[in-house]
Amino acid sequence: MPDPVVDLRSDTVTRPTRAMRAAMFDAEVGDDVYGEDPTVNRLQERVAHLLGKEKGLFFPSGTMCNQVAIATHTRPGQEIICDRDCHVFNYERAGASHLGGVQLHPLDGRHGVLSAQQVCSAIRPIELHEPPTGLILLENTHNRGGGTVYPQDVIAQIAELARAAGIPMHLDGARLLNASVASGHSPAILATPFDSVYFCLSKGLGCPAGSVLAGRADFIAQATRLRKAFGGGMRQVGFLAAAGLYALDHHIDRLADDHRRARQLAVHLRALNAFDVELDAVHTNIVMVDVRADFTAAAVAAELAAHGVRVSVFGPRRLRLVTHLDIDDAGVEWTIAVCKRLYG
Ligand SMILES: *Cc1c(COP(=O)(O)O)cnc(C)c1O
């Protein structure tokens, strides 16, 4: 059994490398609530440039980026168009309704991808009874969708509708750099149709914490006020920003290795009788594995854990495996060998 175990539950489980820790240790810091942390300022400028936006703003988590973006774009009583499987609808403790005072209008996407027609019919008419549509929120890559990359032409069509209706667009780009590496489009190209976008440093990029939101200067000024209200104003946080800068230098291109390993897992697990994997939907570092009728996902996950492989249960019959910085070829080969032995 490998030591440590092969932990495929999420790309959030990565621990900072020795070199990243060294960069953090040496960070120049100041009080970021006063705007005086030089490392945070450098990271925010760097991310704004990378995403083709005017300004960036550092946050402790992706959830806070989404919630502050929602509260900045909308007014209470409005409605947000999103996909039913999206993170904001499923994993943010209904923050949009109790912090932002807005309701979500979830639509049934395919692997998390909505069509322009779906969005078009969901935009509310300006009318006495209906809640006004205040925001369109998309997710790229799509987590519950299985790490799917949103087709950029579909995003362009949706953005066209949004512009015509005067509705802002926010991108939950927790794994936007995975989408960029997989599609070959630059992060700025992927971000262009959106008024606001963020990505997580704490996932495939391997940082201990942090996300950066980007948008126009006036949007970021208002988001900075709300970040304070939400308790996200931090002080000498340049230690975390230094990890982010290190990751942007060293951990983007290697995401392609995570994608290659995810595909390798998908191909080999799909070949086993107990499992089914929709190969066409494996675009990046996430593999959704459906277990066949005589198994349950929970039982399979427990058995794999007993053999040194940790995976997430994503439904009664669904497992999620995620490759990341701390998963090497040996870990992937061990996982495939264990699955073959138990379920081949
Ligand atoms: C991880 C994730 C987030 C934010 O998660 P935090 O743990 O709050 O950083 C948001 N959206 C998606 C799609 C995610 O996968």
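The rules behind the values
- Residues numbered from 1 in each chain as written.
- Predicted model: local features only at pLDDT ≥ 70, side-chain atom pairs only at ≥ 80, totals over all residues.
- Heavy atoms only, no water.
- 1 Å grid on protein atoms, 1.4 Å probe; cavity = no way out; pocket = protein on both sides within 12 Å on 5 of 7 lines; lining within 4 Å.
- Points joined across faces, edges and corners; volume = space filled by probe spheres on them.
- Helix = DSSP H or I, 4+ residues; strand = E, 2+ residues; numbered from the N terminus.
- Nonpolar A, V, L, I, M, F, W, Y, C, P; charged D, E, K, R; others polar.
- Buried < 20%, exposed > 50% of the residue type's maximum accessible area, 1.4 Å probe, protein only.
- UniProt positions renumbered as here; feature names shortened; annotations may be inferred.
- Near = heavy atom within 4 Å.
- Polar contact = N/O pair within 3.5 Å; in protein donor to acceptor, adjacent residues only side chain to side chain.
- Areas by Shrake-Rupley, 256 points an atom, 1.4 Å probe, with all protein chains shown as cover.
- Pairing = 2+ DSSP bridges.

Considerations on empty space enclosed by the protein
Summed over the entire model, instances satisfying the criterion amount to 3 cavities of 30 Å³ or more. Computed from the structure, the largest cavity encloses a volume of approximately 50 Å³. Together, Gly173, Ala174, Arg175, Leu176, Leu177, Asn178, Phe199, Cys200, Lys203, Gly204, Leu205 and Leu255 line the largest cavity. Those elements giving two or more residues to the lining of the largest cavity turn out to be helix 8 (176-183) and strand 7 (196-200). Here the lining of the largest cavity is built from residues that sort into 7 nonpolar, 3 polar and 2 charged.

A few points about unusual backbone geometry
Omega for the bond connecting Asn140 with Thr141 falls within 30 degrees of zero, at -5°, which places this linkage in the cis form. Positionally, Thr141 belongs in the loop between strand 5 (133-139) and helix 7 (152-165). Phi at Arg93 is positive, roughly 50°, even though this residue is not glycine. Checked against the element boundaries, Arg93 lands in the loop between helix 4 (87-90) and helix 5 (95-98). Of the residues examined, Arg93 reaches a relative accessible area of 76% and is grouped as exposed. Located in the positive-phi region is His111, a residue other than glycine, with phi close to 50°. Tracing the backbone shows His111 in the loop between strand 4 (103-107) and helix 6 (116-122). Given the relative accessible area of 24%, His111 is considered partly exposed.

Things to note about the UniProt feature "domain: Aromatic amino acid beta-eliminating lyase/threonine aldolase" (unreviewed entry) in the chain
According to UniProt, the positions carrying the feature "domain: Aromatic amino acid beta-eliminating lyase/threonine aldolase" (unreviewed entry) are residues 7-291. Note that residues 7-291 is 41% helix and 16% strand, and that its end C-alpha atoms are spaced 19 Å apart.

Side note on the site of the ligand
Inspection of the region around the ligand gives 14 residues, with Gly62, Thr63, Asp172, Tyr198 and Lys203 positioned closest. Separating a nitrogen atom of the ligand from a side-chain N or O atom of Asp172 is a distance of 2.7 Å. Here the ligand has 380 Å² of accessible area as a free molecule, and 85% of this is covered by the chains. Per-element tally for the shell around the ligand: the top contributor is helix 3 (residues 62-73), with 3 residues. Its residues assigned to classes, the shell around the ligand shows 3 nonpolar, 6 polar and 5 charged.

Re the sheet that holds strand 9 (residues 275-276)
Strand-to-strand pairing in sheets goes through backbone hydrogen bonds, with the strands running parallel or antiparallel. Pairing within the open sheet is antiparallel, and its 4 strands lie in the order 9-10-13-12. Looking along the sheet, the strands with just one partner apiece sit at the ends: strand 9 and strand 12 (312-315). As paired strands, strand 9 and strand 10 (residues 286-291) are joined by 2 bridges and run antiparallel to one another. Bridge assignment links Asp276 to a residue of strand 10, and that residue is Asp290.

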